[in-house]
Amino acid sequence: MLRILAAIERVATQQPQRTAYQTHNASLTYGELWHLSDCVADYMMKLNLRRQQPIVVYGHMSPLQIVAFLGAVKAGHPYVPVDSSTPTERLQLILEASKAGLLCTTEPLYMLTNIPVMAVSDMLESSSSETPPSTAWVQNEEIHYIIYTSGSTGQPKGVQITANNLAHFVTWMQEHFPLQKDGVFLNQAPYSFDLSVMDLYPALVGGHTLYAITQQEIANPKALFDSLATSNTRVWTSTPSFAKMCLMNKEWNQELMPALDTFLFCGEVLPLAVSNELMQRFPQATIFNLYGPTETTVAVSYVEVTKELVERFEQLPIAPITDPSVSLVEDGEIVISGPTVSAGYLGAPELTAKAFPTVAGNRIYQTGDMGYEQDGYLFFSGRKDFQVKLHGYRLEIEEIEKQISNLPPVSSCVVIPVYKEKEIISLSAYLVLREPLKDSAFKTTKQLKGLLSEYLPAYMIPKTFKYMDALPLNPNGKVDRKGLAVMETV
Ligand code: AMP
């Protein structure tokens, strides 16, 4: 079976000058990646942490992030990527829940914690650079990375992915998509989202260049399209939301990105309109709609988006029904089996047992996604619970409600997704305060959003706050979410 680190080592040895990683202002060769991650591994091994003790890596797209990830796994530790847009309270929760032995940073961070904190750049100075023996590396069933995702209990959940899970995923990617040909892979998703794994490892294992775009560029259209134009991207991986945003610029087309021949989308519904527009603007490119949750290592199924498919259906399928890894159970829930099913949630055996039952000797993951079959394909039809996707981000409505309800001035709260043409465009919070509004609603909202931003990343904070004397109830005495949702339909 594929060994991820061994494959990267081969590239580093045979073609050390090849560019492994690039941003608009920094780059790293395979030789440097291998050598610097040796230094990081050496530093980590000298700390004598418990075998497999998680290491949190905090920062944003930069060469040293990748160096820290590989350094951790060479030293036998799973890494936990935390993007620098994460508020410190949430980072603190992740540090505690993961029982991390070290917090590595590639960006300035001001917080008090009793866990050792070290800048990755400082690790490079103080260490020798011999590659740890491959027996020290993360092994087959050991954990390679842990990604924290929104949790309905109010605490983020740490999804543990083993070296074998990852190897199977990368092998599957290589077998089904045109990834072998030389070229640049775009890295749009921050490393705390598992979509980034879809470009990171296939690129590095194949000896390709990963071109990462930063949040700062994404927030500045001119910088973004300049970057995309010079990136020479051949393989594009992003959420459909990101592509939709790019489509707003009329000049985003094959002329701007002549090398682009493969689109890989995952993480949310790929709208037909987006597919149609992409087909027109990028006539040389093939579009793939991939499906899967973080809990089964990025993606497990796909369909190629052809003209025929787009004309035939009202929405795109996510798999042919012959796909062995996805199936429907009686109530219509999609369940996933196979070698990429995660080892479960870190430190949460009950949650794990519930979501990952063993059925007829096979460990499966119950996705919470609902589906139906039609004409030989499997379609996604929504969620069983209160998990939603907003602009590509996975959110548990209940986690947001718990954090808002924990704010001292708030007595209770519900959060309602706002739909426009079947797509969630924002969130609205309905709040009951402990004391009547003293200031204007505008001022109170500003103050509450400020408090909330200490606990939740910006994308989880509802856009509008509405104040009520009491939350409306349905005849069963539960909060009338449906009634509120009707009011929110645009
Ligand atoms: P994440 O763990 O962030 O990758 O989110 C996984 C969830 O995103 C899945 O359980 C689905 O609800 C949704 N999802 C992923 N891919 C697709 C797709 N191609 N079409 C529709 N929903 C998707």
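Residues numbered from 1 in each chain as written. Predicted model: local features only at pLDDT ≥ 70, side-chain atom pairs only at ≥ 80, totals over all residues. Heavy atoms only, no water.

**Student:** Account for the overall build of the protein, naming residues and giving values.
**Tutor:** Regarding its fold elements, the protein presents 16 helices and 26 strands. Computed over its C-alpha atoms, the radius of gyration of the protein comes to 23 Å, within 12% of the 23 Å expected for a compact globule of 490 residues. Principal-axis analysis of the C-alpha atoms places the extent of the protein at approximately 70 × 55 × 55 Å. Accessible surface computed for the protein: about 21,200 Å², of which carbon and sulfur atoms make up 52%. Between the centroid of the 37 positive side chains of the protein and the centroid of its 50 negative side chains there is a distance of 4 Å. (Helix = DSSP H or I, 4+ residues; strand = E, 2+ residues; numbered from the N terminus. Rg over C-alpha atoms; globule rule 2.2 N^0.38 Å. Areas by Shrake-Rupley, 256 points an atom, 1.4 Å probe, with all protein chains shown as cover. Lys, Arg positive; Asp, Glu negative; His and termini not counted. Charge placed at Lys NZ, Arg CZ, Asp CG, Glu CD.)

**Student:** If you had to explain the sheet that holds strand S26 (residues 464-467) to someone new, which residues and values would you point to?
**Tutor:** Two orientations exist for strands paired in a sheet by backbone hydrogen bonds: parallel and antiparallel. Ordered by their spatial adjacency, three strands build an open sheet running S24-S25-S26, and the pairing between neighbours is mixed. In this open sheet, the two edge strands, each paired with only one partner strand, are strand S24 (410-420) and S26. Each strand of the sheet is rotated relative to its neighbour by a mean of 25 degrees, with strand direction disregarded. Across ten bridges, the pairing between S24 and strand S25 (residues 423-433) is antiparallel. Among the inter-strand pairings, Cys413 is bridged to a residue of S25, identified as Leu431. Packed onto the sheet, helix H16 (residues 481-488) meets S24, S25 and S26 and runs at close to 50 degrees relative to S24. (Pairing = 2+ DSSP bridges. Axes fitted to C-alpha atoms, helices over the stretch in contact; angles between N-to-C directions. Contact = heavy atoms within 4.5 Å.)

**Student:** Describe in detail the site of the ligand, supporting the description with residues and values.
**Tutor:** Around the ligand sit 16 residues in total, of which Leu290, Thr294, Asp369, Lys389 and Arg394 are the nearest. Within the backbone of Gly267, an N or O atom sits 3.1 Å from an oxygen atom of the ligand. At 3.0 Å, a side-chain N or O of Asn289 approaches a nitrogen atom of the ligand. Here the ligand, which alone exposes 500 Å², has 94% of that area covered by the protein. Sorting elements by how many residues they give to the shell around the ligand places strand S13 (residues 286-291) first, with three residues. Considering only residue class, the shell around the ligand consists of six nonpolar, four polar and six charged. (Near = heavy atom within 4 Å. Polar contact = N/O pair within 3.5 Å; in protein donor to acceptor, adjacent residues only side chain to side chain. Nonpolar A, V, L, I, M, F, W, Y, C, P; charged D, E, K, R; others polar.)

**Student:** Residues and numbers for empty space enclosed by the protein, please.
**Tutor:** For the coordinates displayed, the defined rule picks out one cavity of 30 Å³ or more. In this structure, the largest cavity spans a volume of roughly 40 Å³. Taken together, the elements giving at least two residues each to the lining of the largest cavity come down to strand S4 (79-83) and helix H7 (195-205). Element by element, the count of residues in the lining of the largest cavity is highest for H7, at three residues. For the lining of the largest cavity, the per-class residue count stands at seven nonpolar, one polar and no charged. (1 Å grid on protein atoms, 1.4 Å probe; cavity = no way out; pocket = protein on both sides within 12 Å on 5 of 7 lines; lining within 4 Å. Points joined across faces, edges and corners; volume = space filled by probe spheres on them.)

**Student:** How would you summarise the side chain of Thr214 if you had to cite specific residues and measurements?
**Tutor:** Considering the arrangement of structural elements, one finds Thr214 in the loop between strand S10 (209-212) and helix H8 (215-218). If sequence neighbours within four positions are ignored, Thr214 has contacts with His24, His60 and Met61.

**Student:** With reference to specific residues and values, describe the sheet that holds strand S1 (residues 19-22).
**Tutor:** Strand order in the open sheet formed by eight strands is S2-S1-S10-S9-S11-S12-S13-S14, and the pairing between neighbours is mixed. Of all strands in the sheet, those bounded by a partner on one side alone are strand S2 (27-29) and strand S14 (301-304). Neighbour-to-neighbour, the strand axes of this sheet turn through a mean angle of 20 degrees, independent of strand direction. Examined bridge by bridge, strand S12 (residues 262-265) and S13 share four bridges and lie parallel to one another. Opposite Phe265, over in S13, you have Asn289 as the bridge partner. Packing against the sheet, helix H2 (residues 30-46) makes contact with S1 and S2, and its axis sits at approximately 85 degrees to S2.

**Student:** Let's hear about the layout of surface pockets: which residues, and what values?
**Tutor:** Sizing a probe to match a water molecule and rolling it over the atoms shows the empty space that remains. When its volume is computed, the second largest pocket comes out at roughly 480 Å³. Lys157, Lys354, Ala355, Gln366 and Asp385 are, among the 21 residues lining the second largest pocket, the residues nearest its centre. Along the lines of polarity and charge, the residues of the lining of the second largest pocket split into four nonpolar, seven polar and ten charged.

**Student:** Describe in detail the pattern of salt bridges, supporting the description with residues and values.
**Tutor:** Scanning all chains against the criterion turns up 18 salt bridges. Linking Arg18 and Asp182 is a salt bridge whose minimum nitrogen-to-oxygen distance equals 2.5 Å. Linking Arg18 in the loop between helix H1 (4-14) and S1 with Asp182 in the loop between helix H6 (163-176) and strand S9 (184-187), this pair joins segments that are 164 residues apart in sequence. A relative accessible area of 24% means that Arg18 is categorised as partly exposed. Between Glu423 and Lys244 there is a salt bridge whose closest N-O contact spans 3.0 Å. Of this pair, Glu423 sits in strand S25 while Lys244 sits in helix H10 (residues 240-247), placing them 179 residues apart in sequence. (Salt bridge = Lys/Arg side-chain N within 4 Å of Asp/Glu carboxyl O. Buried < 20%, exposed > 50% of the residue type's maximum accessible area, 1.4 Å probe, protein only.)

**Student:** Hey, could you go over helix H3 (residues 63-74) for me, with residue numbers and the actual values?
**Tutor:** Taking 1.5 Å of rise per residue, twelve residues should cover 16 Å, and H3 covers 17 Å from first to last C-alpha, within 8% of that figure. Most of H3 sits inside the fold, with eleven of its twelve residues counted as buried. Buried residues of H3: Pro63, Gln65, Ile66, Val67, Ala68, Phe69, Leu70, Gly71, Ala72, Val73 and Lys74, and no others. Just downstream of H3 lies Gly76, where phi reads positive at about 90 degrees. (Expected span 1.5 Å × (residues − 1).)

**Student:** I'd love a proper account of the side chain of His144, names of residues and values included.
**Tutor:** One can find His144 in strand S7 (residues 143-149). The residues contacting His144, other than those within four sequence positions of it, are Val73, His77, Pro78, Tyr79, Val138, Ile161, Thr162, Ala163, Leu166 and Tyr201.

**Student:** Break down H10 for me, with residues and values.
**Tutor:** In terms of burial, H10 is largely enclosed, as six of its eight residues are buried. Of the positions making up H10, those classed as buried are Pro240, Ser241, Phe242, Ala243, Cys246 and Leu247. On the buried face of H10, the contacting elements are H8, helix H9 (221-231), strand S11 (233-238), S12 and helix H11 (272-281).

By themselves these figures say nothing about function.
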